[in-house]
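Coordinate analysis (summary)
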Amino acid sequence: MSTRTFTLEHYLNRTNTFIRFLIVGTVNTLVGLTMIFMLLDLAGMSYWTATFLGNSTGAVISFLLNRTFTFRSGTSIPGSAVRFIFILFLCYILSYSISGMAAEAIKSFTLFGYEVSPEELAVLMGAGIYTITNYMGQKYLVFTK
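Description of the structure in this document. Computed from a predicted structure; not experimentally measured.

Counting 26 residues, the largest nonpolar core has I36, F84, Y96, V123, Y130 and F143 as its most contacted members. The set of elements that each furnish at least two residues to this core consists of helix 2 (17–42), helix 3 (47–70), helix 4 (77–106) and helix 5 (118–142). When near neighbours in sequence (up to four residues on either side) are disregarded, Y96 contacts Y47, W48, T51, N55, C91, A122, V123, G126, A127 and Y130.

The following block contains the structure:
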């Protein structure tokens, strides 16, 4: 094992759950957002279908990594899986409903010279809201050891 690998593992073992959650979240968010934008822009799917499928893919990654790496939970898999799905669904509806309404109110937004559609803006805002609400739910309701 290299010194860098050992140092990284040692550091990550000592960090709080929020830092580890952000690392896992970065991975599952990149996967989920990539899928969402591909489904929206390439496949022409609706906002709700694309965000649901993208977030579902990210959710599988999230459950596995957060259970073992972030929270190191000993709760039963069936019980934590049911709570996990409930929290994800609640966070999904809450975050993407709020962001969808906010993006429609803004209507026009430019990011780095690119005209962002209300749907794309809603996806970006929803990802932030989703991350915060999801962490709180997982920490306090799903992976409680």
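Back to the write-up after that little detour.
A grouping of I106, F109, L111, F112 and L124 is seen on the molecular surface, where their side chains present a nonpolar patch of about 490 Å² in accessible area. By the element assignment, F109 lies in strand 1 (residues 109–111).

Inspection of the secondary structure puts L39 in helix 2. It is 24 Å that separates the C-alpha atoms of L39 and I23, two residues lying 16 residues apart in sequence. In this view, L39 contacts G44, M45, A50 and L53; residues no more than four positions away in its chain are not counted.

Packing of helix 2 against helix 3 leaves a shortest axis separation of 8 Å and a crossing angle of 155°. On the basis of their axis angle, the class for helix 2 and helix 3 is roughly antiparallel. As helix 2 packs across helix 3, the resulting crossing turns out to be right-handed.

Time to look at the packing of aromatic side chains. In total, this model carries 14 aromatic pairs according to the counting rule given. Judged by centre distance (4.8 Å) and plane angle (80°), the rings of F18 and Y135 are edge-to-face. Here the residue F18 occupies a position in helix 2, and Y135 occupies one in helix 5, the gap between them amounting to 117 residues. Classification of F18 by relative accessible area gives partly exposed; the value is 36%. The exposure class of Y135 is buried, given its relative accessible area of 8%. Geometrically, the ring pair formed by F71 and F143 is stacked, given 5.6 Å between the ring centres and 20° between the ring planes. Of the two residues, F71 is situated in the loop between helix 3 and helix 4 and F143 in the segment after helix 5; the sequence distance between them amounts to 72 residues. The burial state of F71 is the same as that of F143; both residues are buried.

The rules behind these values
- Residues numbered from 1 in each chain as written.
- Predicted model: local features only at pLDDT ≥ 70, side-chain atom pairs only at ≥ 80, totals over all residues.
- Heavy atoms only, no water.
- Core = buried A, V, L, I, M, F, W, Y, C linked by side-chain atoms within 4.5 Å.
- Buried < 20%, exposed > 50% of the residue type's maximum accessible area, 1.4 Å probe, protein only.
- Helix = DSSP H or I, 4+ residues; strand = E, 2+ residues; numbered from the N terminus.
- Contact = heavy atoms within 4.5 Å.
- Patch = residues over 30% accessible without salt bridge, like charges linked within 9 Å, V, L, I, M, F, W, Y side chains within 5 Å.
- Areas by Shrake-Rupley, 256 points an atom, 1.4 Å probe, with all protein chains shown as cover.
- Salt bridge = Lys/Arg side-chain N within 4 Å of Asp/Glu carboxyl O.
- Axes fitted to C-alpha atoms, helices over the stretch in contact; angles between N-to-C directions.
- Parallel < 35°, antiparallel > 145°, perpendicular 65-115°, else oblique.
- Left-handed = near helix turned anticlockwise from the far one by under 90°.
- Phe/Tyr/Trp six-rings, centres within 6.5 Å; stacked < 30°, edge-to-face > 60°.

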